[in-house]
There are 2 protein chains.
Amino acid sequence: MQISVPATSANLGPGFDTLGLAIDLRNEIVIKPSRFLSLSTKGEGAQNPRIKKNSLFLHIFNEQFRRLSNGSKQSFRFEFTNRIPISRGLGSSSAVIVSAITAAHLAAGLKYNKRKILNLALRYEHHPDNITPAVMGGFNVACIEGDRVYSKKRRLPSYLRAVLVVPNRTISTNRSRHVLPKMYSKEEMVYSLSRAAYMTALFMSESWDQLRIASKDKIHQERRMRMMPELFEVQKLALENGALMSTLSGSGSTFFNLAYADDALKLHKVLEEHFPQFRVMTHTLDNVGVIGKP
Amino acid sequence: MQISVPATSANLGPGFDTLGLAIDLRNEIVIKPSRFLSLSTKGEGAQNPRIKKNSLFLHIFNEQFRRLSNGSKQSFRFEFTNRIPISRGLGSSSAVIVSAITAAHLAAGLKYNKRKILNLALRYEHHPDNITPAVMGGFNVACIEGDRVYSKKRRLPSYLRAVLVVPNRTISTNRSRHVLPKMYSKEEMVYSLSRAAYMTALFMSESWDQLRIASKDKIHQERRMRMMPELFEVQKLALENGALMSTLSGSGSTFFNLAYADDALKLHKVLEEHFPQFRVMTHTLDNVGVIGKP
C-alpha cells in the first residue's frame, strides 16, 4: 500500500480555525504486511528519536485498523518518507492523522470516501482547517456541526505558487494557543470575520488582486508573530516583493506567501538573501489531497 | 431623472456587518427640475408625517448635489414611490442613502461608477452590509479598509425566492444594538466566522443544500430574536416548510427566508396562515442594484 498526503497552510490570516489550502509537498508512506511491526523513516525528523517512532501514526493506525478489521492481528512494515517540516505550522500532525486513517482503511481492504476520512480525522484533531485540505486538496472552508466537518473546496490554479519561509525553530503550539485572549471585541471579531468571508469570495472567484486587504487579521496573527519578531520583517519584505498575501501558516512558525508563478522566483531569492537562517521553499499548490493506493 | 433602488437583507445569520443580498422590491424616485422644492410620497410610510418629509434623502441629496455642482441653486420636485417596508431590517435607510447619492450625481449631470457611490454611501452608513447589495445587486461580501468598502459580488439565480415575513412592529435599532455584548468568546467568534466563510463559499458556488448549517449564528441573531419571541416560531416553521435558510434580516424585525421558486408558494401560505398579524411577501432576488436614468 502507498499513501501520500500534502502539507497544508491554515488560517490564511483571518480564517481562524476555518480556512486552509493544500501544498504539493507530500509525505509518503509505503506499508507492507509483515510478520513483525517494523518501520523506517527518511527525511524530516529522521534524526529525531521521538519523531522516528511515529507513535501518533501507529496509535491512530492501530486503533482504526483494529476497529475496521474486527481485531485482525496482522502486522505491517511502514516506510515513511517525510517531506513536511515538523511542528512548523505546515500541517505535519494533520498529515499523520489523515494518512494513518487512510492507511487503516486500505490495510483492512475497505473502500472509503474522503468525507468519512475527514470526519474520523476530526476525532484526533479538533480543528478542521488543516485536516480538510489534507484530505480534499485545494482551498477549503470548513466548519464543525456536531461531530462532523462541513466544508467546501475550490480548486487552486496552476499559475500560483506557495513561497514558504520555514524558520529554524518552532513556536510552541501550546504557547501559541495561550497567547490568544479568551474574549474578543466586536471590532476585532467583525474585522476578521468580514475578511475571512471576503477572502473566501476571492478564492472562490479566482480574484487575487485584493488578497492583501482580505488577508489582514485581528484575532491571532500579530499576537503570535510577536513570539518571533523577525516574522514581521518576513511579511513586510514578502508584500514588497510580489506576494499576493503573506500570512502566518497555522500557528507558525512558517510564513506562507502566495505569489504568481512569474513572481515566485524573485520572491524566493529575496527572502533567502535576507533570512539566510530560515529555509525558503517554493511549491505548487495541491488539488488532490490524500491519495491511497492499495 | 429616475432612480430605482432595491431592498436588501443583511447579515444572513453569521455574516455580521459583512454579508447581504438584494431583493427585487424597489423604491423609485422621479426627480424633475422645478422652481421650488416640492415632494410627494406614495406607498410605505406615506401616512407617517415624519417619513413623508424624506429629510434623510433631502439632506444627503443637497449635501452631495451642492458639492458636485459647485453650489448650484437649482431646485427640484421629488416623487417618491416607496415599496421597501420602513425600519423592518430590509435596508430602507441604505436605499435612501444610495438613491440620494445617485440622484445627486444625475442632477449634477455627472457620470459615476458604482464603486464611487458605494464609498460615498459609507460616509452616511458605517456598515457595508446593506449599502453594498443596494448599490451592486446580487449577493455581496464586504469589508471596510480605511474609508473604503472592499466587496465581491456574486449573481443570484432566478430559481430562488425571498419569502419575507414582515412583523407589524419594529425592533428598535438602538435597542437591537445595545442587546449585543461588547466582547465575544473565541468559541462564539469561530462559530460565526467559520459559518460566514462557509456561507460565502456556498453562495459563490451555488450550493444551497448546506445553507441550513452555514446560516447558524452565535453573535447576534438569537440575542435579537429574544426581543420578539414569535420570530423563533417563524424560523422553525420556515425551516420545516422548505426554506433553505431562515435568518433575521439585518437587525430585524423582518425574517428572511430563502427558498427554491417551486417551494416558495407553499412556504408563503404556511407562514401567512400561522402569522396572520405579519405581512408575508415573496419576491425574486435582484442582480442589478441601484439604477439611475438621466
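Residues numbered from 1 in each chain as written. Chains lettered and ligands numbered in written order. Predicted model: local features only at pLDDT ≥ 70, side-chain atom pairs only at ≥ 80, totals over all residues. Heavy atoms only, no water.

Looking at the interface of chain B and chain A
Definition in use: Note on definitions: a residue-residue contact is assigned when non-hydrogen atoms from the two residues lie within 4.5 Å. Summed over both partners, the accessible surface that disappears when two parts come together, traced with a 1.4 Å probe, is what is meant by buried area. What counts as a salt bridge is simple: a side-chain nitrogen of Lys or Arg found within 4 Å of a carboxyl oxygen of Asp or Glu.
Contacts between the two partners involve 41 residues from chain B, matched on the other side by 41 residues from chain A. Buried area between chain B and chain A, summed over both chains or domains, comes out near 3,300 Å², and the portion from carbon and sulfur atoms is 71%. Sorting the residues of chain B by area buried against chain A places K186, L193 and Y198 of chain B first, and these three jointly supply 18% of that buried surface. Our enumeration of links across chain B and chain A arrives at 4 salt bridges. For the salt bridge of K216 of chain B with E145 of chain A, the shortest nitrogen-to-oxygen distance reads 2.5 Å.

Observations concerning the pattern of salt bridges
Applicable threshold: The numbering of helices and of strands both runs from the N terminus, where a helix is a DSSP run of H or I of at least 4 residues and a strand a run of E of at least 2. Partly exposed residues are those whose accessible area sits between 20% and 50% of the maximum for their type, while under 20% is buried and over 50% is exposed, using a 1.4 Å probe and protein chains only.
On inspection of all chains with the given rule, the structure shows 24 salt bridges over all chains. In this structure, R83 of chain B and E28 of chain B form a salt bridge, with 3.2 Å as the shortest nitrogen-oxygen distance. In this pair, R83 of chain B sits in the loop between β4 (75–82) and α3 (92–107) while E28 of chain B sits in strand β2 (residues 19–34), placing the two residues 55 residues apart along the sequence. Relative accessible area serves as the criterion here: at 37%, R83 of chain B is assigned to the partly exposed category. A salt bridge links R223 of chain B to E188 of chain B; the nearest nitrogen and oxygen atoms lie 2.9 Å apart. With R223 of chain B in helix α9 (residues 221–225) and E188 of chain B in helix α7 (residues 186–204), the pair connects residues that are 35 residues apart, well separated along the chain. Across the pair, exposure class does not vary: R223 of chain B and E188 of chain B are buried alike. Salt bridges linked by common partners bring D24, R26 and D286 of chain A together as one network.

Quick look at the packing of aromatic side chains
The test is simple: Between 30 and 60 degrees the pair is tilted, below 30 it is stacked and above 60 it is edge-to-face, where a pair is any two Phe, Tyr or Trp rings, Trp via its six-membered ring, whose centres lie within 6.5 Å.
Taken as a whole and judged by the stated rule, the model has 26 aromatic pairs over all chains. An angle of 75° between the planes, with centres 5.6 Å apart, marks the rings of F57 of chain B and F78 of chain B as edge-to-face. In this pair, F57 of chain B sits in helix α2 (residues 55–68) while F78 of chain B sits in strand β4, placing the two residues 21 residues apart along the sequence. Comparing F57 of chain B with F78 of chain B shows no difference in burial state: the two are buried. Ring centres 4.9 Å apart and planes at 85° place the aromatic pair F57 of chain B and F80 of chain B in the edge-to-face group. Placement of F57 of chain B in helix α2 and of F80 of chain B in strand β4 is noted, with a sequence separation of 23 residues between them. Look at F80 of chain B and you get buried, because its relative accessible area is 3%. An aromatic cluster of three or more residues is present, and its members are F57, F61, F65, F76, F78 and F80 of chain A.

Brief notes about the domain arrangement of chain A
Residues and elements named next belong to chain A. Quick note on the threshold: Marked domain ranges trace back to an automatic or database domain assignment.
We note that the domain assignment places domain 1 (2–155 + 287–293) and domain 2 (160–284) within chain A. For domain 1 versus domain 2, the separation of C-alpha centres amounts to 24 Å. If you look at the interface, domain 1 gives 26 residues, while domain 2 gives 39 residues. Here domain 1 meets domain 2 over a buried area of about 2,400 Å², counting both sides, of which 62% is carbon and sulfur. Counting the surface domain 1 buries against domain 2, the share from its top three residues, P14, R88 and R154, is 27%.

What about the sheet that holds strand β10 (residues 255–260) of chain B?
Strands pair in a sheet through their backbones, by hydrogen bonds, and they do so in one of two ways: parallel or antiparallel. All names here are of chain B. This is how it is decided: Pairing between two strands requires that DSSP report at least two bridges joining them. Axes here mean lines fitted to C-alpha atoms, for a helix over just the part in contact, with angles spanning 0 to 180 degrees between N-to-C directions.
If you trace the 4 strands from one edge of the open sheet to the other, you get β9-β10-β7-β11, paired in antiparallel fashion. Every interior strand has two partners, whereas the edge strands, β9 (245–248) and β11 (279–284), have only one. Averaged over all neighbouring strand pairs, the angle between strand axes comes to 20°, with direction disregarded. In the sheet, strand β7 (residues 160–166) pairs with β10 via 6 bridges, with the strands oriented antiparallel. Its bridge partner being in β10, A162 is matched across the sheet by L258.

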